[in-house]
Amino acid sequence: MPKEATTKRGKTGKVEKRKGKKDPNAPKRGLSAYMFFANEQRENVREENPGISFGQVGKILGERWKALNDKQRGPYEAKAATDKKRYEDEKAAYQVGLST
DNA sequence: GCAGTGATTGTTAGG
DNA sequence: CCTAACAATCACTGC
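The structure presented is a predicted model; accordingly, all values stated were derived computationally and were not measured.

Student: Lay out the overall build of chain A in plain terms, naming residues and giving numbers.
Tutor: Across its full length, chain A carries three helices and zero strands. Overall, chain A shows an N-to-C arrangement of helices and strands of α-α-α. Looking at chain A as a whole, 16% of its 100 residues qualify as buried. When contacts within chain A are restricted to residue pairs at least 6 apart in sequence, long-range pairs at least 24 apart make up 70% of them. Element-wise, carbon and sulfur atoms account for 52% of the exposed surface of chain A, whose accessible area totals about 8600 Å².

Okay, here's the thing in structure tokens:
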């Protein structure tokens, strides 16, 4: 079941910006393909839709994201994977400080 | 060995 | 300052 549409926020509806800190270094994870995709589309989308609020851009961005083909998401996923590696570094260092 | 869980990431916009 | 839809993620953890 926990395989719904990935649109599951917490419980009350909060997803990001959690203040509760549980890890000492909190290695945070890497970004996601959408983050990189948005980084480029944000300029393009907002250009085609000047004056629109986030509600529009946000949704449009999401639609365009999937509108791309798997190969188009490739470069984005690639960045996501690269960023993930970046996180791996923190995680590694973060673990080192834990395993003592 | 398996399962799901939570935490996080970035955009824009406005009160 | 923060949240909200939009999407992916995916490493970590517990028995």
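Student: Explain helix α2 (residues 54-67) to me, and be specific about the residues and the numbers.
Tutor: Helical periodicity: at 3.6 residues per turn, an α-helix aligns residues three or four positions apart in one direction. In this model, α2 (14 residues) spans 19 Å end to end at C-alpha, consistent with the 20 Å of a helix rising 1.5 Å per residue. Taken as a whole, α2 has its buried residues at Val57, Gly58, Leu61 and Trp65. When α2 is viewed along its axis, its buried side chains cluster within an angular range of 100° and face the same direction. Structural note: α2 exposes Lys59, Glu63, Lys66 and Ala67 on the side pointing more than 90 degrees away from its buried face.

Student: Outline the side chain of Asp83, supporting the account with residue identities and numerical values.
Tutor: Note on placement: Asp83 falls in helix α3 (residues 70-98). Every residue in contact with Asp83, bar those within four places of it in the chain, is listed here: Arg29, Gly30, Leu31 and Phe36.

Student: Could you give an account of the packing of aromatic side chains, naming the residues involved and the relevant values?
Tutor: Both the distance between ring centres and the angle between the ring planes are used here to describe each pair of aromatic rings. Enumeration over the complete set of coordinates arrives at five aromatic pairs. Arranged with centres 5.7 Å apart and planes meeting at 80°, the rings of Trp65 and Tyr76 form a pair that is edge-to-face. Of the two residues, Trp65 sits in helix α2 while Tyr76 sits in helix α3, which places them eleven residues apart along the sequence. Judged by relative accessible area, Tyr76 falls into the buried class, the value being 12%. An aromatic cluster is present here, built from Tyr34, Phe37, Trp65 and Tyr76 joined pairwise through their rings.

Here is what the cut-offs are and how they apply
- Throughout this description, residue numbers start from 1 for each chain and increase along the sequence as written.
- Here the convention is simple: chains get letters from A, ligands get numbers from 1, in the order in which they are written.
- Local features in a predicted model are, by the rule used here, given only for residues with pLDDT of at least 70; side-chain atom pairs are given and counted only at 80 or more, and totals for whole chains, interfaces and linings are based on all residues.
- To obtain the side-chain values, all non-hydrogen atoms of the structure were used and water was disregarded.
- Working definition: helices are DSSP H or I runs of at least four residues, strands are E runs of at least two. Numbering for both runs from the N terminus.
- The classification of residues rests on relative accessible area computed with a 1.4 Å probe and restricted to protein chains. Under 20% of the type maximum is buried, over 50% is exposed, and intermediate values are partly exposed.
- It only takes one pair of heavy atoms within 4.5 Å for two residues to be counted as in contact.
- Values of accessible area rely on a 1.4 Å probe in the Shrake-Rupley scheme; residue burial ignores everything except the protein chains shown.
- Expected span of a helix, by definition, is 1.5 Å for each gap between consecutive residues, and there is one gap fewer than residues.
- Directions pointing from the helix axis toward each C-beta atom define the arc.
- Only Phe, Tyr and Trp rings take part, Trp by its six-membered ring, and two of them pair if their centres are within 6.5 Å. Stacked means planes under 30 degrees apart, edge-to-face means over 60, and tilted covers everything else.

In short, geometric facts, not functional conclusions.
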